[in-house]
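# Coordinates in review
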Amino acid sequence: MTVRDLIIHECKELGISCVGFADVSRWKDPLFEPWVPKEFFPVSVYPEAQTAVVIGLPVHLPVVESAPSIWYHEEYKTVNSLIDQYTWRLASLLNSHGYSSVSVPRDGYGSIRVLQKNPVAFFSHRHAAVLAGLGTFGRNNMVLTEKWGPRVRFGTVLTSAHIPSDPIMEKSVCIKCNSCVHACPVNALSEDDYPDSLTDKKACTERSALLNSESRSPCGICIRVCPVGSDRVLFERTDIRIYDDPEAGKKYHFAWDHVRSYGSDWQKNKDKT
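What counts as what
- Starting from 1, residues in each chain are numbered consecutively following that chain's sequence as written.
- Per-residue local features are limited, in this predicted model, to residues with pLDDT of at least 70; the limit for side-chain atom pairs, both in listing and counting, is 80 or more; totals at the level of whole chains, interfaces and linings are taken over all residues.
- The side-chain numbers reported here are obtained from all heavy atoms of the structure, hydrogens and water having been left aside.
- Throughout this description, the term salt bridge denotes a Lys or Arg side-chain nitrogen within 4 Å of a carboxyl oxygen of Asp or Glu.
- Secondary structure counts use DSSP, requiring at least four H or I residues in a row for a helix and at least two E residues in a row for a strand, with both numbered from the N terminus.
- Exposed residues in this analysis have more than 50% of their type's maximum accessible area, buried residues have under 20%, and partly exposed residues fall in between, with area computed by a 1.4 Å probe over protein chains only.
- Here the aromatic set is Phe, Tyr and Trp, taking the six-membered ring for Trp, and pairing holds for ring centres within 6.5 Å; pairs whose planes are under 30 degrees apart are stacked, those over 60 apart are edge-to-face, and all others are tilted.
- Should any heavy atoms of two residues lie within 4.5 Å, those residues are counted as being in contact.
- In this scheme, strands are said to pair when DSSP sees at least two bridges between them.
- Comment: axis = line fitted to C-alpha atoms, over the contacting stretch for helices; angle = value between 0 and 180 degrees taken between N-to-C directions.
- Given a helix with a known number of residues, its expected span is that number minus one, times 1.5 Å.
- Pairs of N or O atoms are called polar contacts if they sit within 3.5 Å, as long as, within protein, a hydrogen donor faces a hydrogen acceptor (for residues adjacent in sequence, only side-chain-to-side-chain pairs).

### Overview of the pattern of salt bridges
Opposite charge on two side chains allows them to pair when their charged atoms are near. In the structure shown here, the tally under the stated rule is 13 salt bridges. A salt bridge links Arg151 to Asp231; the nearest nitrogen and oxygen atoms lie 2.8 Å apart. Within this pair, whereas Arg151 is found in the loop between β5 (143-144) and β6 (152-159), its partner Asp231 is found in helix α10 (residues 231-234), the two being separated by 80 residues in sequence. With respect to burial, Arg151 and Asp231 carry one shared label: buried. The partner of Arg260 in a salt bridge is Asp257, with the nearest N and O atoms 3.7 Å apart. With Arg260 and Asp257 both in helix α11 (residues 250-260) and 3 residues apart, the pair spans about one turn of that helix. Judged by relative accessible area, which is 12%, Arg260 ranks as buried.

Printed below as a string of structure tokens:
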């Protein structure tokens, strides 16, 4: 069994259907400009790294639709925790087979307050996912996948093992509908392709800080309204008009309002957010 097969087998055992591989040399060849600064390359984080192994776990669409809410808040934490556990297990598995490996934490910051001061983590899982062939950037600055659109979280293992890379996706998954741009409550996005248009991190982070103080972060609106992803067929949410038209999506709005009314301070602050 090759190292690649070993990882794929373990991912199947763990229920991980989204996994990709990228040789660390790919970071040296920018896909676009501006690109990841050299100090954020895998070898700058773990000098022994030869391959980045990237996994993805979905956040279920009906949960995201209630965002911002305590439901999404809790599922977001659950998925992040699972990603950190699974990448640690994969790194440990590789170590046991003689390939020095480390897992990179899903969120590389200690608190929203820290993020407000410096809204950058020490490693970008989004770029790693793109370089591992798992998706492409959308106008919401998130990585869009064919299966879940942007409703997926990524984690990375850096390993000394040489593993063949997956092909980078050439065709953009983003359909440039601008639904995310128009839905953003703080106008942090614009109608240009990434990276010509970057998220207004200050506005986005300040909203996250507010929602966090109300126990209903993260925001999630830009990934909620994205029409991309076969998960919409599974959950029968192919018509995104339900988000803007209370009559077209009456039963959904009733459900979302119900969820938002409990476990957080939504009722007290709903007129402000």
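### A word on the packing of aromatic side chains
One pass over the full model with this rule turns up 8 aromatic pairs. Ring centres of Trp27 and Phe123 lie 6.4 Å apart, and the angle between their planes is 35°; on these two criteria the pair is classed as tilted. Of the two residues, Trp27 is situated in the loop between β1 (18-23) and α2 (42-45) and Phe123 in the loop between α5 (112-117) and α6 (125-131); the sequence distance between them amounts to 96 residues. Each member of the pair, Trp27 as well as Phe123, is classed as buried. Both rings, one in Phe32 and one in Trp35, keep their centres 5.2 Å apart while their planes meet at 75°; by these two values the pair is edge-to-face. In terms of burial, Phe32 and Trp35 fall into one category: buried. Through pairs of rings, three or more aromatic residues link up here, namely Phe32, Trp35, Phe137 and Tyr194.

### Description of unusual backbone geometry
The omega torsion across Ala67 and Pro68 is -5°, close enough to zero to call that bond cis. Note on placement: Pro68 falls in the loop between α3 (61-65) and α4 (70-96). The peptide bond linking Tyr194 to Pro195 adopts the cis configuration, its omega dihedral lying at 5°. Mapped onto the elements of the fold, Pro195 is located in the loop between α7 (179-183) and α8 (201-213). In this structure, Glu236 takes a positive phi of about 55° despite not being glycine.

### Digging into the side chain of Asn178
Looking at where Asn178 falls in the secondary structure, it is placed in the loop between β6 and α7. For Asn178, a relative accessible area of 11% corresponds to the buried category. Contacts of Asn178, omitting those with residues within four sequence positions, involve Arg139 and Glu191.

### Observations concerning the sheet that holds β6
Spatial ordering of the open sheet is given by β1-β2-β6-β3, a layout of 4 strands whose pairing is antiparallel. The open sheet has two edge strands, β1 and β3 (101-104), and neither has a second partner. The average angle at which neighbouring strand axes cross in this sheet is 25°, direction not considered. Where β1 lies against strand β2 (residues 51-58), 6 bridges are found, and the strand directions are antiparallel. Bridged to Ala22 within β2 is Ala52. Where helix α1 (residues 3-14) meets the sheet, its contacts fall on β1 and β2, and the angle it forms with β1 comes to roughly 155°. Lying over the sheet, α4 contacts β2, β3 and β6, oriented at roughly 20° with respect to β6.

### Observations regarding α4
Helical periodicity: at 3.6 residues per turn, an α-helix aligns residues three or four positions apart in one direction. The terminal C-alpha atoms of α4 lie 39 Å apart, and with 27 residues this matches the ideal 39 Å at 1.5 Å per residue to within 8%. A distance of 3.3 Å separates the backbone nitrogen of Trp71 from a side-chain oxygen at the start of α4, and that oxygen is part of Ser69. Looking one or two residues past α4, Gly98 carries a phi angle of roughly 90°, positive in sign.

Scope: geometric values only; no functional claims are made or implied.
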